[in-house]
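Architecture and fold: a report
Residue strings, one per chain:
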Amino acid sequence: ELNGFPHYMLKEIYEQPETLANAMRGRLDDSDSTAHFGGLNLTSQQLRQIDRVIMTACGTSYHAGMVGEYLFEELARIPVEVEYASELRYRNPPIDRSTVMFAITQSGETADTLAALRESKRMGHTTLAICNTVGSSIAREADGGVYLHAGPEIGVASTKAFTSQSCVLTMLALYLGRTRHLSSVQGQAIIDNLRQLPEKVRQTLGCHERVKGIAAKYAHVRNVLYLGRQYLYPAALEGALKLKEISYIHAEGYPAAEMKHGPIALVDADTPSVFLVPRGSVFDKVMSNMQEIKARGGPVIAVCSPDDEEVASIADDIIPIPDVPEYLQPIIAAIPLQLLAYEIALLRGCDVDKPRNLAKSVTVE
Ligand code: F6R
(Lines give C-alpha, C1' and ligand atoms only; values in the text may rest on other atoms or scores of the structure.)
Protein backbone atom coordinates (compact mmCIF):
# COMPACT_ATOMS: atom_id res chain seq x y z
CA GLU A 1 0.00 0.00 0.00
CA LEU A 2 2.87 2.34 0.76
CA ASN A 3 4.34 1.63 -2.66
CA GLY A 4 7.87 1.62 -1.29
CA PHE A 5 7.49 4.93 0.57
CA PRO A 6 8.32 5.00 4.31
CA HIS A 7 5.16 6.96 5.20
CA TYR A 8 1.75 7.72 3.74
CA MET A 9 2.48 11.43 3.97
CA LEU A 10 5.49 11.12 1.67
CA LYS A 11 3.61 8.82 -0.70
CA GLU A 12 0.77 11.34 -0.89
CA ILE A 13 3.16 14.24 -1.47
CA TYR A 14 4.70 12.35 -4.37
CA GLU A 15 1.29 11.43 -5.80
CA GLN A 16 0.45 15.05 -6.52
CA PRO A 17 1.37 15.17 -10.24
CA GLU A 18 -1.11 12.34 -10.70
CA THR A 19 -3.82 13.57 -8.34
CA LEU A 20 -3.80 16.97 -10.05
CA ALA A 21 -4.14 15.29 -13.44
CA ASN A 22 -7.09 13.33 -12.01
CA ALA A 23 -8.74 16.52 -10.72
CA MET A 24 -8.63 17.97 -14.24
CA ARG A 25 -9.47 14.84 -16.23
CA GLY A 26 -12.47 15.40 -18.49
CA ARG A 27 -13.10 18.86 -17.06
CA LEU A 28 -11.14 21.16 -19.36
CA ASP A 29 -12.97 22.13 -22.52
CA ASP A 30 -10.86 23.58 -25.35
CA SER A 31 -13.79 24.20 -27.67
CA ASP A 32 -15.37 26.72 -25.28
CA SER A 33 -12.16 27.57 -23.38
CA THR A 34 -13.80 26.77 -20.08
CA ALA A 35 -14.18 24.00 -17.52
CA HIS A 36 -17.09 21.62 -17.00
CA PHE A 37 -18.35 19.80 -13.95
CA GLY A 38 -20.82 16.95 -13.94
CA GLY A 39 -22.40 17.46 -10.56
CA LEU A 40 -22.99 21.15 -9.84
CA ASN A 41 -26.73 20.65 -10.48
CA LEU A 42 -27.24 24.33 -11.33
CA THR A 43 -28.74 25.79 -14.50
CA SER A 44 -26.64 28.25 -16.46
CA GLN A 45 -29.12 30.92 -15.40
CA GLN A 46 -28.60 30.09 -11.72
CA LEU A 47 -24.86 30.19 -12.28
CA ARG A 48 -24.93 33.60 -13.85
CA GLN A 49 -26.99 34.93 -10.98
CA ILE A 50 -24.34 34.09 -8.38
CA ASP A 51 -23.14 37.43 -7.11
CA ARG A 52 -21.47 36.38 -3.88
CA VAL A 53 -19.78 33.25 -2.62
CA ILE A 54 -19.15 32.07 0.91
CA MET A 55 -16.58 29.33 1.34
CA THR A 56 -16.58 27.44 4.58
CA ALA A 57 -14.13 24.82 5.83
CA CYS A 58 -11.68 23.90 8.59
CA GLY A 59 -7.88 23.61 8.76
CA THR A 60 -6.09 22.94 5.51
CA SER A 61 -9.36 23.02 3.57
CA TYR A 62 -9.93 26.52 4.96
CA HIS A 63 -6.57 27.58 3.53
CA ALA A 64 -7.63 26.23 0.14
CA GLY A 65 -10.79 28.32 0.53
CA MET A 66 -8.60 31.38 1.04
CA VAL A 67 -6.77 30.58 -2.21
CA GLY A 68 -10.24 30.31 -3.76
CA GLU A 69 -11.07 33.81 -2.53
CA TYR A 70 -8.18 35.29 -4.51
CA LEU A 71 -9.01 33.11 -7.53
CA PHE A 72 -12.74 33.90 -7.68
CA GLU A 73 -12.16 37.60 -7.22
CA GLU A 74 -9.43 37.84 -9.85
CA LEU A 75 -10.68 35.39 -12.48
CA ALA A 76 -14.47 35.58 -12.00
CA ARG A 77 -14.87 39.00 -10.32
CA ILE A 78 -17.18 37.47 -7.72
CA PRO A 79 -16.87 38.68 -4.12
CA VAL A 80 -15.95 35.91 -1.73
CA GLU A 81 -15.84 35.47 2.00
CA VAL A 82 -14.09 32.57 3.65
CA GLU A 83 -15.35 31.49 7.05
CA TYR A 84 -14.23 28.87 9.52
CA ALA A 85 -17.13 26.42 9.61
CA SER A 86 -16.98 26.36 13.42
CA GLU A 87 -17.63 30.12 13.48
CA LEU A 88 -20.08 30.37 10.62
CA ARG A 89 -22.41 27.78 12.08
CA TYR A 90 -23.07 29.89 15.18
CA ARG A 91 -23.36 33.21 13.38
CA ASN A 92 -26.33 34.49 11.54
CA PRO A 93 -24.81 36.48 8.70
CA PRO A 94 -27.17 38.25 6.31
CA ILE A 95 -27.03 36.18 3.13
CA ASP A 96 -29.20 36.85 0.11
CA ARG A 97 -30.60 34.52 -2.51
CA SER A 98 -27.85 35.03 -5.05
CA THR A 99 -25.17 33.82 -2.64
CA VAL A 100 -23.79 30.33 -3.07
CA MET A 101 -22.11 28.48 -0.25
CA PHE A 102 -19.18 26.15 -0.90
CA ALA A 103 -18.23 23.63 1.77
CA ILE A 104 -14.64 22.47 1.22
CA THR A 105 -13.62 19.21 2.84
CA GLN A 106 -11.31 16.30 2.14
CA SER A 107 -13.11 13.75 4.33
CA GLY A 108 -16.65 15.01 3.87
CA GLU A 109 -17.23 14.14 7.54
CA THR A 110 -15.88 17.14 9.46
CA ALA A 111 -18.56 17.87 12.06
CA ASP A 112 -18.30 21.66 11.98
CA THR A 113 -18.34 21.81 8.17
CA LEU A 114 -21.33 19.48 8.05
CA ALA A 115 -23.17 21.61 10.60
CA ALA A 116 -22.41 24.80 8.63
CA LEU A 117 -23.70 23.14 5.47
CA ARG A 118 -26.92 22.05 7.18
CA GLU A 119 -27.48 25.52 8.59
CA SER A 120 -26.96 27.04 5.16
CA LYS A 121 -29.36 24.59 3.55
CA ARG A 122 -31.92 25.21 6.24
CA MET A 123 -31.85 28.89 5.28
CA GLY A 124 -32.53 27.88 1.69
CA HIS A 125 -29.14 28.65 0.15
CA THR A 126 -27.61 26.71 -2.67
CA THR A 127 -24.85 24.71 -1.01
CA LEU A 128 -22.14 22.97 -2.99
CA ALA A 129 -19.39 20.66 -1.78
CA ILE A 130 -15.77 20.45 -2.90
CA CYS A 131 -14.98 17.08 -1.48
CA ASN A 132 -12.63 14.13 -1.87
CA THR A 133 -14.54 11.28 -0.29
CA VAL A 134 -17.24 9.89 -2.54
CA GLY A 135 -20.51 9.21 -0.74
CA SER A 136 -19.44 11.02 2.46
CA SER A 137 -22.04 12.89 4.54
CA ILE A 138 -21.19 16.31 3.10
CA ALA A 139 -21.09 15.00 -0.47
CA ARG A 140 -24.54 13.45 0.03
CA GLU A 141 -26.19 16.39 1.74
CA ALA A 142 -24.93 19.17 -0.54
CA ASP A 143 -27.08 20.31 -3.47
CA GLY A 144 -24.23 19.49 -5.80
CA GLY A 145 -20.50 19.70 -6.00
CA VAL A 146 -17.16 18.70 -7.38
CA TYR A 147 -15.12 15.67 -6.36
CA LEU A 148 -11.33 15.93 -6.13
CA HIS A 149 -10.66 12.34 -7.32
CA ALA A 150 -7.39 12.44 -5.33
CA GLY A 151 -7.79 8.91 -3.93
CA PRO A 152 -7.77 8.12 -0.20
CA GLU A 153 -5.65 10.46 1.90
CA ILE A 154 -4.33 8.47 4.84
CA GLY A 155 -1.60 10.62 6.37
CA VAL A 156 -3.26 12.80 9.00
CA ALA A 157 -1.58 15.91 7.57
CA SER A 158 -3.49 16.91 4.47
CA THR A 159 -1.25 17.31 1.42
CA LYS A 160 -2.64 16.18 -1.91
CA ALA A 161 -6.14 17.30 -0.92
CA PHE A 162 -4.91 20.90 -0.57
CA THR A 163 -3.38 21.03 -4.04
CA SER A 164 -6.42 19.32 -5.60
CA GLN A 165 -8.81 21.68 -3.82
CA SER A 166 -6.83 24.65 -5.12
CA CYS A 167 -6.88 23.14 -8.61
CA VAL A 168 -10.66 22.56 -8.53
CA LEU A 169 -11.17 26.11 -7.29
CA THR A 170 -9.08 27.40 -10.21
CA MET A 171 -11.27 25.48 -12.64
CA LEU A 172 -14.43 26.79 -10.95
CA ALA A 173 -13.10 30.35 -11.16
CA LEU A 174 -12.36 29.78 -14.85
CA TYR A 175 -15.86 28.41 -15.41
CA LEU A 176 -17.59 31.26 -13.57
CA GLY A 177 -15.28 33.80 -15.20
CA ARG A 178 -16.22 32.48 -18.63
CA THR A 179 -19.93 33.05 -17.91
CA ARG A 180 -18.93 36.66 -17.22
CA HIS A 181 -16.10 38.83 -18.48
CA LEU A 182 -13.24 36.36 -19.23
CA SER A 183 -12.51 36.17 -22.97
CA SER A 184 -11.93 32.86 -24.71
CA VAL A 185 -8.27 33.83 -25.16
CA GLN A 186 -7.88 34.42 -21.42
CA GLY A 187 -9.79 31.24 -20.67
CA GLN A 188 -7.62 29.21 -22.99
CA ALA A 189 -4.45 30.59 -21.40
CA ILE A 190 -5.69 29.39 -18.00
CA ILE A 191 -6.45 25.94 -19.46
CA ASP A 192 -2.98 25.73 -21.01
CA ASN A 193 -1.36 26.65 -17.70
CA LEU A 194 -3.49 24.13 -15.81
CA ARG A 195 -2.46 21.38 -18.24
CA GLN A 196 1.20 22.03 -17.47
CA LEU A 197 0.62 21.87 -13.74
CA PRO A 198 1.26 18.12 -13.18
CA GLU A 199 4.62 18.39 -14.95
CA LYS A 200 5.53 21.53 -12.98
CA VAL A 201 4.70 19.71 -9.74
CA ARG A 202 6.88 16.78 -10.85
CA GLN A 203 9.75 19.22 -11.41
CA THR A 204 9.08 20.86 -8.05
CA LEU A 205 9.45 17.52 -6.26
CA GLY A 206 13.08 17.66 -7.43
CA CYS A 207 13.70 20.09 -4.54
CA HIS A 208 13.46 17.22 -2.03
CA GLU A 209 17.22 16.69 -1.51
CA ARG A 210 17.80 20.39 -1.03
CA VAL A 211 14.90 20.59 1.43
CA LYS A 212 16.42 17.70 3.41
CA GLY A 213 19.60 19.72 3.88
CA ILE A 214 17.64 22.76 5.01
CA ALA A 215 15.59 20.63 7.42
CA ALA A 216 18.80 19.36 9.04
CA LYS A 217 19.93 22.93 9.60
CA TYR A 218 16.72 24.06 11.30
CA ALA A 219 15.21 20.96 12.91
CA HIS A 220 16.19 22.13 16.41
CA VAL A 221 14.43 25.52 16.36
CA ARG A 222 11.39 26.31 18.49
CA ASN A 223 9.67 28.88 16.30
CA VAL A 224 9.30 29.38 12.56
CA LEU A 225 7.55 32.14 10.63
CA TYR A 226 6.00 31.62 7.19
CA LEU A 227 5.48 34.73 5.13
CA GLY A 228 3.89 35.45 1.78
CA ARG A 229 1.56 37.92 0.14
CA GLN A 230 -1.55 37.72 -2.06
CA TYR A 231 -1.99 34.17 -3.38
CA LEU A 232 0.93 33.07 -1.24
CA TYR A 233 -0.50 34.33 2.03
CA PRO A 234 -2.79 31.28 2.37
CA ALA A 235 0.14 29.11 1.27
CA ALA A 236 2.16 30.58 4.17
CA LEU A 237 -0.64 29.71 6.60
CA GLU A 238 -0.71 26.19 5.21
CA GLY A 239 3.08 25.78 5.49
CA ALA A 240 2.92 26.83 9.14
CA LEU A 241 0.05 24.43 9.86
CA LYS A 242 1.96 21.51 8.29
CA LEU A 243 5.02 22.20 10.43
CA LYS A 244 3.18 22.62 13.71
CA GLU A 245 0.92 19.61 13.37
CA ILE A 246 3.60 17.05 12.54
CA SER A 247 6.81 18.43 14.09
CA TYR A 248 5.27 20.21 17.13
CA ILE A 249 7.36 23.28 16.39
CA HIS A 250 5.47 26.50 16.93
CA ALA A 251 4.93 28.14 13.56
CA GLU A 252 2.95 31.11 12.39
CA GLY A 253 1.89 32.16 8.94
CA TYR A 254 1.47 35.85 8.24
CA PRO A 255 0.95 38.18 5.32
CA ALA A 256 4.57 39.31 4.93
CA ALA A 257 3.81 43.00 5.37
CA GLU A 258 1.94 42.47 8.65
CA MET A 259 5.18 41.53 10.38
CA LYS A 260 6.05 45.10 11.15
CA HIS A 261 2.79 45.49 13.08
CA GLY A 262 3.94 43.26 15.91
CA PRO A 263 5.23 39.79 15.07
CA ILE A 264 8.62 41.08 13.92
CA ALA A 265 9.39 41.38 17.64
CA LEU A 266 9.70 37.56 17.62
CA VAL A 267 12.58 37.59 15.15
CA ASP A 268 16.00 36.56 16.43
CA ALA A 269 18.89 34.37 15.28
CA ASP A 270 17.00 31.21 16.31
CA THR A 271 13.74 32.09 14.58
CA PRO A 272 13.90 31.37 10.86
CA SER A 273 11.42 32.86 8.42
CA VAL A 274 10.26 30.95 5.35
CA PHE A 275 9.58 33.53 2.66
CA LEU A 276 7.44 32.69 -0.34
CA VAL A 277 8.93 34.99 -2.92
CA PRO A 278 8.71 33.76 -6.50
CA ARG A 279 8.65 36.45 -9.21
CA GLY A 280 5.26 38.14 -9.55
CA SER A 281 3.40 41.39 -9.01
CA VAL A 282 4.36 41.79 -5.35
CA PHE A 283 7.94 40.51 -5.65
CA ASP A 284 9.60 43.83 -4.77
CA LYS A 285 7.29 44.33 -1.81
CA VAL A 286 8.07 40.88 -0.39
CA MET A 287 11.78 41.49 -0.94
CA SER A 288 11.65 44.58 1.21
CA ASN A 289 9.80 42.62 3.91
CA MET A 290 12.61 40.05 3.69
CA GLN A 291 15.24 42.75 4.14
CA GLU A 292 13.46 43.87 7.31
CA ILE A 293 13.79 40.38 8.77
CA LYS A 294 17.45 40.06 7.75
CA ALA A 295 18.20 43.44 9.29
CA ARG A 296 16.95 42.05 12.62
CA GLY A 297 19.17 39.02 12.43
CA GLY A 298 16.54 36.44 11.44
CA PRO A 299 17.63 33.56 9.18
CA VAL A 300 15.69 33.46 5.89
CA ILE A 301 14.71 30.43 3.83
CA ALA A 302 13.35 31.66 0.50
CA VAL A 303 11.10 29.73 -1.86
CA CYS A 304 11.83 31.56 -5.10
CA SER A 305 11.99 31.50 -8.90
CA PRO A 306 14.80 29.54 -10.60
CA ASP A 307 18.14 31.35 -10.83
CA ASP A 308 16.98 34.33 -8.80
CA GLU A 309 20.28 35.97 -7.89
CA GLU A 310 18.60 38.83 -6.11
CA VAL A 311 16.88 36.51 -3.64
CA ALA A 312 19.95 34.29 -3.34
CA SER A 313 22.10 37.26 -2.35
CA ILE A 314 19.93 37.95 0.71
CA ALA A 315 18.47 34.62 1.82
CA ASP A 316 20.43 32.11 3.89
CA ASP A 317 18.88 29.20 2.00
CA ILE A 318 16.88 29.07 -1.20
CA ILE A 319 14.41 26.57 -2.62
CA PRO A 320 13.88 27.32 -6.33
CA ILE A 321 10.49 26.34 -7.75
CA PRO A 322 9.35 26.43 -11.40
CA ASP A 323 7.70 29.59 -12.69
CA VAL A 324 3.91 29.47 -13.05
CA PRO A 325 1.24 32.21 -13.17
CA GLU A 326 0.52 33.75 -9.79
CA TYR A 327 -2.85 32.03 -9.43
CA LEU A 328 -1.08 28.63 -9.54
CA GLN A 329 1.78 29.55 -7.22
CA PRO A 330 0.03 28.28 -4.04
CA ILE A 331 -0.05 24.77 -5.52
CA ILE A 332 3.62 24.79 -6.48
CA ALA A 333 4.77 26.50 -3.28
CA ALA A 334 2.90 23.94 -1.14
CA ILE A 335 5.24 21.15 -2.30
CA PRO A 336 8.51 22.32 -0.66
CA LEU A 337 6.58 23.35 2.47
CA GLN A 338 5.06 19.87 2.78
CA LEU A 339 8.50 18.30 2.31
CA LEU A 340 10.11 20.67 4.80
CA ALA A 341 7.55 19.80 7.49
CA TYR A 342 7.94 16.11 6.72
CA GLU A 343 11.76 16.13 6.92
CA ILE A 344 11.88 18.22 10.09
CA ALA A 345 9.30 15.98 11.77
CA LEU A 346 11.35 12.88 10.85
CA LEU A 347 14.52 14.40 12.29
CA ARG A 348 12.67 15.15 15.50
CA GLY A 349 11.49 11.56 15.74
CA CYS A 350 7.81 12.41 15.32
CA ASP A 351 5.20 10.02 13.98
CA VAL A 352 4.45 11.90 10.76
CA ASP A 353 1.44 9.85 9.71
CA LYS A 354 -0.20 9.91 13.14
CA PRO A 355 0.72 13.09 14.96
CA ARG A 356 -0.22 13.27 18.63
CA ASN A 357 -3.64 14.60 19.60
CA LEU A 358 -4.98 14.53 16.03
CA ALA A 359 -7.43 12.39 14.09
CA LYS A 360 -7.92 12.19 10.34
CA SER A 361 -11.61 13.08 10.42
CA VAL A 362 -12.69 15.52 13.09
CA THR A 363 -16.18 14.31 13.79
CA VAL A 364 -16.53 16.14 17.08
CA GLU A 365 -17.57 19.76 17.29
C1 F6R B 1 -4.33 19.56 8.43
C2 F6R B 1 -5.56 18.80 8.40
C3 F6R B 1 -6.78 19.38 9.01
C4 F6R B 1 -7.96 19.21 8.06
C5 F6R B 1 -9.26 19.68 8.73
C6 F6R B 1 -10.44 19.61 7.77
O7 F6R B 1 -3.30 18.90 7.77
O8 F6R B 1 -5.59 17.71 7.87
O9 F6R B 1 -6.59 20.74 9.31
O10 F6R B 1 -7.70 19.93 6.89
O11 F6R B 1 -9.52 18.89 9.85
O12 F6R B 1 -10.64 18.33 7.31
P13 F6R B 1 -11.53 18.04 6.04
O14 F6R B 1 -10.87 18.65 4.86
O15 F6R B 1 -11.61 16.53 5.96
O16 F6R B 1 -12.87 18.67 6.31
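Definitions and cut-offs
- Residues numbered from 1 in each chain as written.
- Predicted model: local features only at pLDDT ≥ 70, side-chain atom pairs only at ≥ 80, totals over all residues.
- Heavy atoms only, no water.
- UniProt positions renumbered as here; feature names shortened; annotations may be inferred.
- Pairing = 2+ DSSP bridges.
- Helix = DSSP H or I, 4+ residues; strand = E, 2+ residues; numbered from the N terminus.
- Axes fitted to C-alpha atoms, helices over the stretch in contact; angles between N-to-C directions.
- Contact = heavy atoms within 4.5 Å.
- Near = heavy atom within 4 Å.
- Polar contact = N/O pair within 3.5 Å; in protein donor to acceptor, adjacent residues only side chain to side chain.
- Areas by Shrake-Rupley, 256 points an atom, 1.4 Å probe, with all protein chains shown as cover.
- Nonpolar A, V, L, I, M, F, W, Y, C, P; charged D, E, K, R; others polar.
- Phe/Tyr/Trp six-rings, centres within 6.5 Å; stacked < 30°, edge-to-face > 60°.
- Buried < 20%, exposed > 50% of the residue type's maximum accessible area, 1.4 Å probe, protein only.
- Lys NZ or Arg CZ within 6 Å of the ring centre and 35° of its normal.
- Salt bridge = Lys/Arg side-chain N within 4 Å of Asp/Glu carboxyl O.
- Core = buried A, V, L, I, M, F, W, Y, C linked by side-chain atoms within 4.5 Å.

Under an unreviewed UniProt entry, the protein chain has the name Glutamine--fructose-6-phosphate aminotransferase [isomerizing] and belongs to Fimbriiglobus ruber. In its Catalytic activity (unreviewed entry) section, the UniProt record describing the protein chain reads: "D-fructose 6-phosphate + L-glutamine = D-glucosamine 6-phosphate + L-glutamate". Quoted straight from UniProt, the Subcellular location (unreviewed entry) entry for the protein chain says "Cytoplasm".

Strand order in this open sheet of 5 strands is β9-β8-β10-β11-β12, and the pairing throughout is parallel. Each of the sheet's edge strands pairs with one partner strand only, and the pair in question is β9 (250-255) and β12 (317-320). Here the average twist between neighbouring strands, direction ignored, is 20°. The pairing of strand β8 (residues 223-228) with β9 spans 6 bridges and is classified as parallel. Each bridged residue has a counterpart across the sheet, and for Tyr 226 the counterpart in β9 is Gly 253. In the packing of helix α12 (residues 283-295) onto the sheet, contacts are made with β8, β10 (273-277) and β11 (300-304), and the angle to β10 comes to roughly 165°.

A few words now on the site of the ligand. Near the ligand you find 15 residues, and of these Ser 61, Thr 105, Ser 107, Thr 110 and Glu 245 are the closest. One of the side-chain nitrogen or oxygen atoms of Thr 110 is found 2.5 Å away from an oxygen atom of the ligand. One of the side-chain N or O atoms of Glu 245 is found 2.5 Å from an oxygen atom in the ligand. Protein chains shield 90% of the accessible area of the ligand, which is 410 Å² for the free molecule. Broken down by secondary-structure element, the contributors of at least two residues to the shell around the ligand are α4 (59-76) and α11 (232-247). Of the residues that constitute the shell around the ligand, the class distribution is 5 nonpolar, 8 polar and 2 charged.

So, about the packing of aromatic side chains. The final tally for this structure, using the stated rule, is 5 aromatic pairs. Ring plane angle 15° and centroid distance 3.7 Å describe the contact between Tyr 62 and Tyr 84, whose orientation is recorded as stacked. With Tyr 62 in helix α4 and Tyr 84 in strand β4 (residues 80-84), this residue pair connects regions lying 22 residues apart in the sequence. Judged by relative accessible area, which is 11%, Tyr 62 ranks as buried. With a relative accessible area of 40%, Tyr 84 lands in the partly exposed category. Measuring from centroid to centroid gives 5.9 Å for Phe 72 and Phe 102, while their planes differ by 85°, and the two rings are edge-to-face. Highlighted residues: Phe 72 in helix α4 and Phe 102 in strand β5 (residues 99-105), separated in sequence by 30 residues. Here Phe 72 and Phe 102 have matching classes, each one buried. Taking the ring centre of Phe 283 as reference, the NZ or CZ of Arg 279 above it sits at 3.8 Å.

Before going further, it helps to spend a moment on unusual backbone geometry. Here Asn 3, not a glycine, exhibits a phi torsion of approximately 55°, which is positive. Mapped onto the elements of the fold, Asn 3 is located in the segment before α1 (8-14).

To continue, consider the sheet that holds strand β6 (residues 126-131). Here we have 5 strands laid out as an open sheet, ordered β4-β3-β5-β6-β7, and parallel in their pairing. Bordering the open sheet on either side are β4 and β7 (144-147), each of which pairs with just one other strand. Each neighbouring strand pair of the sheet contributes to a mean axis angle of 20°, computed without reference to strand direction. Note: β6 against β7, 4 bridges, orientation parallel. Paired with Leu 128 across the bridge in β7 is Gly 144. Sheet strands touched by α4: β3 (52-57), β4 and β5. Its angle to β4, the strand with the most contacts, is close to 170°. On the sheet, helix α8 (residues 160-178) packs against β3, β5, β6 and β7 and is oriented at approximately 160° with respect to β5.

The residue Ser 281 is located in the loop between β10 and α12 in this model. Measuring from C-alpha to C-alpha, the distance between Ser 281 and Glu 326 comes to 8.2 Å, with 45 residues separating the pair along the chain.

We now examine the pattern of salt bridges. Across all of its chains, the model carries 17 salt bridges by this definition. Asp 316 is paired through a salt bridge with Lys 294; the nearest N and O atoms lie 2.9 Å apart. In this pair, Asp 316 is assigned in the loop between α13 (309-312) and β12 and Lys 294 in helix α12, connecting sequence segments 22 residues apart. Under the relative-accessibility criterion, Asp 316 is labelled partly exposed at 36%. On the accessibility criterion, Lys 294 (28% relative accessible area) is partly exposed.

Membership of the largest hydrophobic core comes to 96 residues, with the highest contact counts inside it found for Phe 72, Leu 172 and Tyr 226. Residue contributions to this core peak at 12 residues, all from helix α14 (residues 329-347). Those residues in contact with Leu 172 that lie beyond four places of it in its chain are Phe 37, Leu 40, Phe 72, Phe 102, Ile 130 and Val 146. Counting 20 residues, the second largest nonpolar core, distinct from the first, contains Val 277, Met 290, Ala 302 and Ile 318.

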